[in-house]
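For reference, the chains in residue letters:
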Amino acid sequence: MESKKKWIFNIIFLLLIFAATFYGVFHGKDMGQIVDIIKTVNPFWLIPGVICVIIFIWGESIIIHYLMHSLGIKVKKWTCFLFSSVGFFFSCITPSASGGQPAQVYYMKKEDIPIPISTMVLLIITIIYKMVLVLLGIALVIFGHRYLSDAIFWFYLGMGLNVVCVAIMVVFAFHPNFAKSIMIKGHILLERIHILKHRKSRAKKLVQSMDQYRGAAVYLQENKKVLIVVFLITMVQRFALFAATWFVYLAFGLKGTSAFIVILLQGSIAVAVDMLPLPGGMGISEKIFLDIFLPVFGSMLLLPGMVLSRGLGYYTELILSAIFTIVANFTIGRKKKSVVEKC
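Residues numbered from 1 in each chain as written. Predicted model: local features only at pLDDT ≥ 70, side-chain atom pairs only at ≥ 80, totals over all residues. Heavy atoms only, no water.

**Here's the deal with the pattern of salt bridges**
Part 1 of the reasoning: For the structure shown, the criterion picks out three salt bridges.
Part 2 of the reasoning: Among the ionic pairs, E60 bridges to R238, the shortest N-O distance being 3.7 Å. With E60 in helix α3 (residues 46–70) and R238 in helix α10 (residues 224–251), this pair connects stretches of sequence that are 178 residues apart. Each member of the pair, E60 together with R238, is buried. (Salt bridge = Lys/Arg side-chain N within 4 Å of Asp/Glu carboxyl O. Helix = DSSP H or I, 4+ residues; strand = E, 2+ residues; numbered from the N terminus. Buried < 20%, exposed > 50% of the residue type's maximum accessible area, 1.4 Å probe, protein only.)

**Quick look at the confidence of the model for the chain**
Part 1 of the reasoning: Mean pLDDT over the chain works out to 79, with 73% of the residues at or above the 70 mark.
Part 2 of the reasoning: Mean pLDDT across the elements of the chain bottoms out in helix α14 (residues 334–342) (48) and peaks in α3 (92). (pLDDT = per-residue confidence, 0-100.)

**A look at the packing of aromatic side chains**
Part 1 of the reasoning: Here the structure, examined in full by the defined rule, presents 15 aromatic pairs.
Part 2 of the reasoning: Aromatic pair F56 and F88: ring centres 4.6 Å apart, planes at 40°, arrangement tilted. With F56 in helix α3 and F88 in helix α4 (residues 77–93), this pair connects stretches of sequence that are 32 residues apart.
Part 3 of the reasoning: A relative accessible area of 5% means that F56 is categorised as buried.
Part 4 of the reasoning: Aromatic pair F239 and F242: ring centres 5.8 Å apart, planes at 70°, arrangement edge-to-face. Here F239 and its partner F242 are both found in helix α10, three residues apart, which amounts to about one turn of the helix.
Part 5 of the reasoning: You can call F239 partly exposed: its relative accessible area is 26%.
Part 6 of the reasoning: Residue class for F242 comes out buried when judged on its relative accessible area of 5%.
Part 7 of the reasoning: By the ring-pair criterion, three or more aromatic residues cluster together here, those being W246, Y249, F252, F289, F293 and F297. (Phe/Tyr/Trp six-rings, centres within 6.5 Å; stacked < 30°, edge-to-face > 60°.)

**Here's the deal with unusual backbone geometry**
Part 1 of the reasoning: The phi angle at D112 is positive, at roughly 65°, despite the residue not being glycine.
Part 2 of the reasoning: Looking at where D112 falls in the secondary structure, it is placed in the loop between α5 (100–110) and α6 (115–143).

**Topic: a nonpolar patch on the surface**
Part 1 of the reasoning: Together, L135, I138, V141, I142, F143, Y156 and F260 line one region of the surface with nonpolar side chains, adding up to about 680 Å² of accessible area.
Part 2 of the reasoning: Top element by residues in the nonpolar patch is α6. It accounts for five residues.
Part 3 of the reasoning: Mapped onto the elements, F260 comes out in helix α11 (residues 259–273).
Part 4 of the reasoning: The exposure class assigned to F260 is partly exposed, which follows from its relative accessible area of 45%. (Patch = residues over 30% accessible without salt bridge, like charges linked within 9 Å, V, L, I, M, F, W, Y side chains within 5 Å. Areas by Shrake-Rupley, 256 points an atom, 1.4 Å probe, with all protein chains shown as cover.)

**Section: helix α13 (residues 294–331)**
Part 1 of the reasoning: The end-to-end C-alpha separation of α13 is 45 Å, well short of the 56 Å expected for 38 residues at 1.5 Å each.
Part 2 of the reasoning: G333 sits one or two residues past α13 and shows a positive phi near 80°. (Expected span 1.5 Å × (residues − 1).)

As structure tokens, this is what we get:
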């Protein structure tokens, strides 16, 4: 019942944010003119934009597959692609992308992947992703700072939150004994204040889980090459998504701004909104785009450019990941279940 209420809340919240965003962006604007301008774009340049979104989803599946195999967990590449899709779908529809990783852990558990292992893998992915964002933010300060004047508050807020988040997660990922101590003390506290009932079996499972977690953390610390490979794949994956805006730029037949600057600016939006409690950064992403891309698209093409850029970078990702999440729901764990039923 509580899970259903949470789902209903998330859906209502998403719809309200979408309605507020739509009103804020298009209120007082000539929708017919915007549609007419969008009709003039070269659609062939939008195809590589869609491919960029697919690469973005596919890239995380490669990382999941690589990390799982490095830890001795055998899992198919297609299954990892479904894990990735599930993560992106729930991240798109929940505040601060908070629902993505819990959903991935749930589906990984259905494939008999231990929760401590899946948690460690997803933690490493998140740390590297946020490190890429921080490095991107530094590049922006050096090369693209003049574009950010109207969005400088959001940019530095996002940078600060990401740095703090990375620091906390690094402690948990690479100091497993400390993480184990925190988890055990937290469990004892929850029992003392009667949020959890005292159960020896639960405490024993927690200790066993944290020991598995520690084993995975130690392995990754001793195999720095694994982390380097993950970092490089993450760079390609994330920049592929940011490049979708470059193809929107080309679709309008525009020239004069380099792909490097367009990708950096799109990345700055990711830096700014990544930690904010809005599904898909909805609302604030559109505002920042309109603030920083004016010199790039010009006043006439700015709003149509934003529509197509967000259409590719968020809504296409949402639709594709939703389709594959449905596939995941009907396939992940089903084979094992059917074998049990036959027995």
